[in-house]
Amino acid sequence: MEKYRNTSLSIEERTADLLSRMTLEEKIMQTDQYSIIGDYTKRNADGRVEEFCWEEFEKALKGRSVGSVQFRSASSRLANQLQRYAVEKTRLGIPFLFSEEALHGLLDGHATCFPQQIGLAGTFEPQLGRQMGQAIGAEARASGVHETWNPVMDLSWDPRYGRVEEAFGEDTYLSGEFAREIVKGMQGEDLKRQDTVAAEPKHYCGYGTPVGGLNCAPAAMGRHDVFAWALPVFEQAFAEGGAWNAMCSYTAIDGQPVASDHELLTEVLRGQYGMPGFVRSDMTAVARLKGSFFTAKDNREAIRQGLEAGVDLQLYDFTHEEWMESIRSLVESGEMPAEVVDRACGRVLKLKFALGLFENPYVDESLQEETVHCPAHQDIALHIARKSICLLKNERRILPLSDSCRTIAVVGPGADEAALGDYTTNTEKSHVVTVLEGIRQLAGEDRTVLYEKGCSYLGET
């Protein structure tokens, strides 16, 4: 039996043995991200996978395994079918790592949708973050997902920023407390369990307070502010929470892009915080080294800068072909040491060993129906939502409404639509209750409920 299949050996020994058996091409494939979202699938009107295009998939992979596969709105049955391909039809049987967004619930229309992180932070009860993390981990793993891209740990110091809802707010201490607890909830005590996933906090780092409040703009924080205020949140998640991976932000701090910042990606993240896994580039983080920050003369140079700084796996920055050929030529020409590829590939493999995917690559298909959107998780979501509500003013004690109130006016553009926030998709209609619907249900037939939209968000009709 090959040493990498020997469970009595350490993860480090198994990883080293597997690396010694891999070709350069196989190693590069482990640093690449594939997807079933727009590729290889046909979906119904609700966004659910109806059919998988196996011929296209096999033509693209050519009997090779890859590092990570984004797995959205699909069944655990399909996850097992895909995993069977990796385990049985590739030369070394390296399993896929299925990954997906799960900011406030797995990004799947059937999954439980929890309040956004800004609402969770409004409870001021970090233990609720652990409960939410446990529920997200259980639902994700039951759906076939092994690793999720959350929580978001950016400090939001600019209210103009359109993604403030994703973070815990502006306070370092509060953000760190919730970050640690969510990670602990998701990862549990053992990543090999069928109800845990590996966490990939984002966006490391200096993100969330961009110049002018504009998404993708450079950080408005200087390097001193990032180290003093933003990094301690990530320290909580990695040093205390034990988070496995990190997603590299596509910002720049004082002109230095994070994607090529060796101090942040290697010295701090690995050296000080002890992160054991890999760094995934947020989409375009490495490509922007050429296109936005001009530290690289071409894409090939951008890839070299990212990998040498500490990026291990790309997120659709480049085509699979360009990623492969660029890295291959960099190594074969001697412009980049082969050890850089070994290091990046080894970090991806390390997580796969830690998850137990070489021994138990498949998910129990009965868990998805039992776990996803189960009553217990709905109760947690409701409890967090109730705790997150903050009543700023209650003039004349109008709330709660008395029995003598026979007519209720509901006004506002958000009353008759479910404002679930970003990172939700094609949510099952039966899972959603708007504010207007909820008030009508509680009011009963003997009260009159009037509704007026009143205005729009952005001037649309």
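These notes cover the structure that comes with them.

The rules we used
- Residues numbered from 1 in each chain as written.
- Predicted model: local features only at pLDDT ≥ 70, side-chain atom pairs only at ≥ 80, totals over all residues.
- Heavy atoms only, no water.
- Helix = DSSP H or I, 4+ residues; strand = E, 2+ residues; numbered from the N terminus.
- Rg over C-alpha atoms; globule rule 2.2 N^0.38 Å.
- Buried < 20%, exposed > 50% of the residue type's maximum accessible area, 1.4 Å probe, protein only.
- Contact = heavy atoms within 4.5 Å.
- Polar contact = N/O pair within 3.5 Å; in protein donor to acceptor, adjacent residues only side chain to side chain.
- Pairing = 2+ DSSP bridges.
- Patch = residues over 30% accessible without salt bridge, like charges linked within 9 Å, V, L, I, M, F, W, Y side chains within 5 Å.
- Areas by Shrake-Rupley, 256 points an atom, 1.4 Å probe, with all protein chains shown as cover.
- Salt bridge = Lys/Arg side-chain N within 4 Å of Asp/Glu carboxyl O.
- Axes fitted to C-alpha atoms, helices over the stretch in contact; angles between N-to-C directions.
- Parallel < 35°, antiparallel > 145°, perpendicular 65-115°, else oblique.
- Left-handed = near helix turned anticlockwise from the far one by under 90°.
- Nonpolar A, V, L, I, M, F, W, Y, C, P; charged D, E, K, R; others polar.
- Right-handed = clockwise from strand over helix to strand, strands pointing away.

Here we take up the overall build of the protein. Of the regular secondary structure elements, the protein holds 16 helices and 13 strands. At 23 Å, the protein has a C-alpha radius of gyration in line with the 23 Å of a compact globule built from 461 residues. For the protein, the spread of C-alpha atoms along the principal axes amounts to about 80 × 50 × 40 Å. In the protein, which comprises 461 residues, the share counted as buried stands at 55%. Partitioning the contacts of the protein with sequence separation of at least 6, the portion at a separation of at least 24 is 78%.

As a further point, take the side chain of Asp 158. Position of Asp 158 relative to the elements: it lies in the loop between β6 (147-148) and α7 (172-187). On the basis of relative accessible area, Asp 158 is assigned to the buried category, the value being 12%. One polar contact links the side chain of Asp 158 to the main-chain amide nitrogen of Gly 213, over a distance of 3.4 Å. Filtering out sequence-adjacent residues up to four positions away, Asp 158 remains in contact with Val 164, Thr 209, Pro 210, Gly 212 and Gly 213.

In terms of strand pairing, strand β12 (residues 407-411) meets strand β13 (residues 448-452) through five bridges, oriented parallel. Directly across from Thr 407, in β13, lies its bridge partner Thr 448.

Let's shift gears to a nonpolar patch on the surface. On the surface, a nonpolar cluster with roughly 360 Å² of combined accessible area is contributed by Leu 391, Ile 398, Leu 399 and Leu 401. By secondary structure assignment, the location of Ile 398 is in the loop between α15 (375-388) and β12. Judged by its relative accessible area of 54%, Ile 398 is exposed.

This brings us to helix α1 (residues 11-21). For α1, the complete set of buried residues consists of Arg 14, Thr 15, Asp 17, Leu 18 and Leu 19. In the core, the buried residues of α1 are packed alongside α2 (24-29) and α13 (338-354).

Two numbers describe how helix α6 (residues 126-142) lies on α15: the axes approach to 10 Å, and their chain directions differ by 150 degrees. Taken as axis vectors, α6 and α15 run roughly antiparallel relative to one another. Like other packed secondary-structure pairs, α6 and α15 cross with a definite hand, here left-handed. Contacts from Leu 128, Gln 131, Met 132, Ala 135, Ala 138 and Glu 139 of α6 reach α15 at His 377, Ile 380, His 383, Ile 384 and Lys 387. Its residues placed into classes, the contact of α6 with α15 shows six nonpolar, three polar and two charged.

Within this structure, the stated rule accounts for 34 salt bridges. Put simply, Glu 101 and Lys 202 hold a salt bridge, and the shortest N to O gap is 2.8 Å. Remark: Lys 202 occurs in the loop between β7 (198-199) and α8 (223-240) and Glu 101 occurs in the loop between β5 (97-100) and α5 (117-121); sequence separation between them is 101 residues. Where Arg 328 meets Glu 325, a salt bridge forms, and the shortest distance between an N and an O atom there is 2.9 Å. Residue Arg 328 and its partner Glu 325 are located together in helix α12 (residues 320-332), separated by three residues, close to a single helical turn. Take Arg 328: its relative accessible area is 22%, and that puts it in the partly exposed class. A relative accessible area of 42% means that Glu 325 is categorised as partly exposed. Here the salt bridges share partners, and the residues they tie into one network are Arg 130, Glu 177, Arg 180, Glu 181 and Glu 240.

It is a general feature of regular strands that their side chains alternate between the two faces of the sheet. Here β12 shows one buried face, formed by Ile 408 and Val 410, and one open face, formed by Thr 407, Ala 409 and Val 411. Between β12 and its parallel partner β13, the chain crosses via helix α16 (residues 435-443), and the hand of that crossover is right-handed.

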